Structure formats: structure tokens, C-alpha cells
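# Examination of the molecular architecture
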Amino acid sequence: PHNTHVHHTKALIMAFFRPTEPWTMCSSYEASERITFKELSPFECTQSTYKEHPRDRIPDPMKCIKKYRRSAAGGGVQPQYKEDGKEWKRSLDDLEISVDYLLTIYANQQSDGMQEKMSLVKTVNFVDDRLRAIQVDLTTLLGNMGDLDAESLNLVRRIQVRLVRYNLLTQHLLSSLGADKFEWKFATTALTTAISSFFATYHGHNTDTGETSNLDEVMCYAALLHIAMTLKNNEVALPQTSSTGQGCGLATDGGDGMSAILGLYRKHVQKTTHSFNNGSFPKYEWALKVGGATETGDLFTALKLLAPKPGDLEEIDDEGRWKICSRCCIAQAVPLIRIGLMRRYNKSFGKGEQVKDDNLADLLFLPSPGAAVKFCEGIGLPSVSSTDGGRIDRIVMKAAPISIDGENIGQMTNPGRDMDEFVFGKQNWLLFNPPNPKIRDPFEGMSSLQRAMTKMKVQEDPNEIDIEDDEPEDHVEISRKDENGVLILPLGILCNLIG
């Protein structure tokens, strides 16, 4: 079956990407200053000091990354200087390197040289802070560069679309955590910034050149996020805030209604360029179909469009990545669609008619008959058994109105990681502890020096060294749970989902 092994062993080595020059991602001046204020993260310290007290940590010039600083009142961010007195700034290439490095830390939950993995929350808190600094530097740099050429524009867009995917995936992976464990407001701001910064590259620049696939993808995500928010706002049976503090979707410009998603095309395509032809945006058009179905009340079609195919083990290629990220956009609003469907079914079926649990599972796109019974009971519908003393396997229609008590509100407003199967499909790598996993160290049998040389060689020319597994079927990628109980996807899957 697909996805039961380590997809690319080469990705395991590349996941420990490091820049080739010291002080590329942070100035030595800032690093020295942060030593004084005890602000060095374990992720950016030397291998021998990352476990020490902050006052005793030593920055690694290949791992240290510029920290986000608020602008001083009226004075902006203070400039930094190199040892030779010249001002230190990150170029566009340096910013790309910084993003690559941060996303590999995210996928590993550790930096090179660390012996243990951090929790996902601690990793994300570090990565998000450094990405905020990158967004500030990108905005400043692009403002100073004037009209960009197509190559530079596409590089910026590739950076931003990866950050959009990162934020969507992270919000889903942490969706079961409350505001006491994770700063949801910062997460929402980071996603909004990545999307708006991506769209900004299509305004004020030469937009008649460059690709359209990333624009299509991000317009799709923006549309789905708006659909999720609209569904939440229109559901009267539930409070507007979730039990965790996580938001549901994001509003796009143009109003609160479903028609606002049409404005994405007018604003970012029609007003900026005339070079795109009809049919150039299949992902965005698919999102419009989802929006149209929800707006007209055809909720079954909306779920059918969104749900993974039964038993489908999707490869994490471009298409699979887009589908999973799309479902991350709207996963927390899926219970609202199902509530709307059950309202309709509760009115359409005969009074007292009993509907089988497996039929409801199919109608609601739930993974099992038991899940269908649990959902219907959670929204106040009575359930019965078809046989005396047997299991509950029927839902009674028109016997009670839809009503959600306090015990079930949390699950309906924030289903969290219970949506994993809807988002990812039935994937073997979602297993936490499969029997007899066989995971091979790609550096097995190498000395420390050989490991270091292999990493450097692959970084210089990934195509020159072939370290693919000869028997991939023997190597299983599995997820792990961190100290907060968060199920973290395997390294190769995380890398492929971000792109």
C-alpha cells in the first residue's frame, strides 16, 4: 500500500538542512546581545550547550536565526552591523535559506545536534517568532527593491505559499489544544499575514509574467477559509467562539457572505493582469463549487467534494498536498455542515422513522456507523437498538429537534484532531504504535565523520549520492505523541505536505 514506508530516505538527510555560511540568518551582534539577555533558544545553540541554562548557552553561527523585535516607538527596528562596521541585512536568498531551515526544524522538532525532540508547541513557538522576523524583513526588502523581475517574484511567492501550508497544517495539528497551551491569536495573524503577503506580490509589480499554479492554490485556501467562517457565523445552535479559542476560518475582503469569495478573482486576477485564460484556476473553481453547494443548501454535495475517497491512500504529491491543506482550511467547520444535513434529514424522513447507522455514516461522510450514532446523539436525536439488548444502531427521526447541550458544544465547535481521518484519509502513517515497526537509520554503520561528510555532500549535490532504500516496503513511517499528547506526523510526511 502507498505511504507505508519512508517515502524518500534522502529527505531525511535534507531535513537537517543548514546554511553554508556562518551568520547568514542572524548577525553576530544580535547573538551577543541575546546572550546578555538570556534569549537564546536551544534550537540555535551549539550541541554542547543547548541543554544548559540560558545564561550558559553559546550561539551556533550556522543555526542562530534573527529574532522578531517590535519596532521602537517612532524609530523603527534598530539596524544591525557586522564586525567590519557594515550594516547587516538578509538578502532574498538569505531569507529563503532561513525559511528552509526553520521548516526543517519544524519537521524534525529539533535542530541538528539535538539528541531529543521538542514538543510541537515549543517548536512552533520558536519557528513562528523567527518567521515573523522574516515577514518583516521581506516586506522591507521588497519595498526597497522596486519592480521585481519574474524570478524574484516567483521566489517570494514560493516562500509565502509554503508558509501558508505550514500555518494551515500547524493549526490543524494543534487544534485540540486550548489557549492556555497555544497562542491562537498569533497563529491566526501569521496565517493572515502569509496569505495577504502572497497576494501583495500581484499588486504593484510586473504581473504579466510568472506562474499561476500558486495563485490558484492560495485563492482556493482563502475561499475555503471564508466558507468556514461563514458557516460558523450562520450556525445559530452553537456559540461563535470555540472551546479552545481557535478561530474557524478567515474572512476575505468583500463582506461576510458567501459571494465574497468571487472577489478573490476580481481583485487578484482581473485587476492585475489579462494574461490568464479561463480554466487556469481549477483549484479555485473547485472551492467555488464547495461554496456554491453550501450557499444553496446542497450540503451533501459540499461534503462529497471535500471528503477523501473511501479507502483512498493519497500520495503526498502536488495534488494530494493541495487536498489535505484544503481540508485543513475547513475541517473545524465540517460538524456544522453535518448539523445542517441532519436538520434536513430530520424534516424529510417520516415521523418516528428509524434510519440505520451505516446509512447515516454514508450520508454524513463519517468513518463508521458508531461515529454516526455518536454524532446524532450529540445533537439531541434519540437512538435505539433494532434488537432487544443489541447495540444502538438506529436514529429516530422527527422525534426531537436539533439541540446541543453543554456537554457536546465543545466537540461541535472544535472537533480538533478527531478530524484527522477526514483531513488525511485512512493513512497508515497516522498509526501511533504499529506492530513491529522497522525504521532504518539512513546513516546506519557510518562513523560521525562519515555522517557529517554525507550530509555535506548531499547538501551540495543531492543527485550525486543515491541513498534510497533498496527495499522500501520494510521501512514504516509512524507518527509520535509529544508531551502535550499531540500526534505529530512523520518527518517525511511533514516535509512533503509543506513542499
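For the structure, check the block above.
Bear in mind the structure is a predicted one, so any value in this text is a computation, not a measurement. Along each chain, numbering runs from 1 in the same order as the chain's sequence is written. Local features are withheld for residues below a pLDDT of 70 in this predicted model, meaning they are given only at 70 or higher, and side-chain atom pairs are given and counted only at 80 or more; totals for whole chains, interfaces and linings count all residues. Hydrogen atoms and water are omitted, and side-chain values are computed over all heavy atoms in the structure.

### Here we look at the packing of helix α13 (residues 357–364) against helix α14 (residues 369–378)
Stated precisely, the cut-off is as follows: Where helices are involved, their axes are fitted lines through C-alpha atoms of the stretch in contact, as for all axes, and angles between N-to-C directions lie from 0 to 180°. Secondary structure follows DSSP: runs of H or I at least 4 residues long count as helices, runs of E at least 2 residues long count as strands, and numbering of each begins at the N terminus. Angles below 35 degrees are treated as roughly parallel, those above 145 as roughly antiparallel, those between 65 and 115 as roughly perpendicular, and all remaining angles as oblique. The contact criterion used is simple: two residues touch if any of their non-hydrogen atoms lie within 4.5 Å.
It is the contact of α13 with α14, at a shortest axis distance of 7 Å, that shows an interaxial angle of 80 degrees. Between α13 and α14, the crossing angle belongs to the class labelled roughly perpendicular. Between α13 and α14, the contacting residues are D357, D358, L360, A361 and L364 on the first element and P369, A372, V373, F375 and C376 on the second.

### Concerning the layout of surface pockets
To find the voids left in a structure, one rolls a probe of water-molecule size over its atoms. Put simply, the rule reads: Only protein atoms enter the calculation, which uses a 1 Å grid: trapped sets of points that fit a 1.4 Å probe without letting it out are cavities, open sets showing protein on both sides within 12 Å along at least five of seven lines are pockets, and any residue with an atom within 4 Å of a point is a lining residue. Grid points are joined across faces, edges and corners, and a volume is the space filled by probe spheres set on the points. Each residue is assigned to one class: nonpolar for Ala, Val, Leu, Ile, Met, Phe, Trp, Tyr, Cys and Pro, charged for Asp, Glu, Lys and Arg, and polar for all the others, Gly among them.
Approximately 820 Å³ is the volume attributed to the second largest pocket. The wall of the second largest pocket is formed by 30 residues, among which R338, F365, L366, P367 and A371 lie closest to the centre. Among the secondary structure elements, those contributing two or more residues to the lining of the second largest pocket are α12 (334–348), α13, α14, α15 (406–413) and α16 (420–424). Across the lining of the second largest pocket, the residue classes break down as 14 nonpolar, five polar and eleven charged.

### As for a negative patch on the surface
Let me state the cut-off plainly: Exposure above 30% relative accessible area and the absence of a salt bridge qualify a residue for a patch, where like charges join within 9 Å and nonpolar side chains (Val, Leu, Ile, Met, Phe, Trp, Tyr) within 5 Å. All accessible areas in this document rest on Shrake-Rupley with a 1.4 Å probe, and a residue is counted as covered only by the protein chains that are shown. Take a side-chain nitrogen of Lys or Arg and a carboxyl oxygen of Asp or Glu: if they are within 4 Å of each other, that pair is a salt bridge. By the counting rule applied here, Lys and Arg register as positive and Asp and Glu as negative, while His and the ends of each chain are not counted. Working definition for charges: the position is that of NZ of Lys, CZ of Arg, CG of Asp or CD of Glu. Each residue is assigned to one of three classes by its accessible area relative to the maximum for its type, calculated with a 1.4 Å probe on protein chains only: buried under 20%, partly exposed between the two thresholds, exposed over 50%.
A cluster of acidic side chains, namely D93, D147, D149 and E151, defines a negative patch on the protein surface. Among the secondary structure elements, D93 is positioned in helix α3 (residues 92–108). Given a relative accessible area of 49%, D93 falls into the partly exposed group.

### A word on unusual backbone geometry
Phi is positive for F365, close to 55 degrees, though the residue is something other than glycine. Among the secondary structure elements, F365 is positioned in the loop between α13 and α14. When its relative accessible area of 23% is taken as the criterion, F365 is described as partly exposed.

### Structural notes on the pattern of salt bridges
In the structure shown here, the tally under the stated rule is 19 salt bridges. For the salt bridge of D357 with R391, the shortest nitrogen-to-oxygen distance reads 2.6 Å. One end of the pair, D357, is in helix α13; the other, R391, is in the loop between β4 (383–385) and β5 (392–396), with 34 residues separating them in the sequence. Since its relative accessible area comes to 3%, D357 is described here as buried. In this structure R391 comes out as exposed when scored by relative accessible area, which is 53%.

### Let's talk about the environment of D317
Note the following rule: Definition of a polar contact: a pair of N or O atoms within 3.5 Å, with one able to donate and the other able to accept a hydrogen when the atoms are protein atoms, and with sequence-neighbouring residues admitted only if both atoms are side-chain atoms.
Turning to its location among the elements, D317 is positioned in the loop between α10 (299–306) and α11 (318–330). On the basis of relative accessibility, which here comes to 39%, the residue D317 falls in the partly exposed class. Sequence separation between D317 and G499 is 182 residues, and the spatial gap between their C-alpha atoms is 9.0 Å. A distance of 2.8 Å separates the side chain of D317 from the backbone nitrogen of G320, its partner in a polar contact.

### What about the side chain of T123?
In this fold, T123 is placed in helix α4 (residues 120–145). We classify T123 as buried; its relative accessible area is 0%. Those residues in contact with T123 that sit more than four places away from it in its chain are F43, I105, Y106, Q109 and M118.

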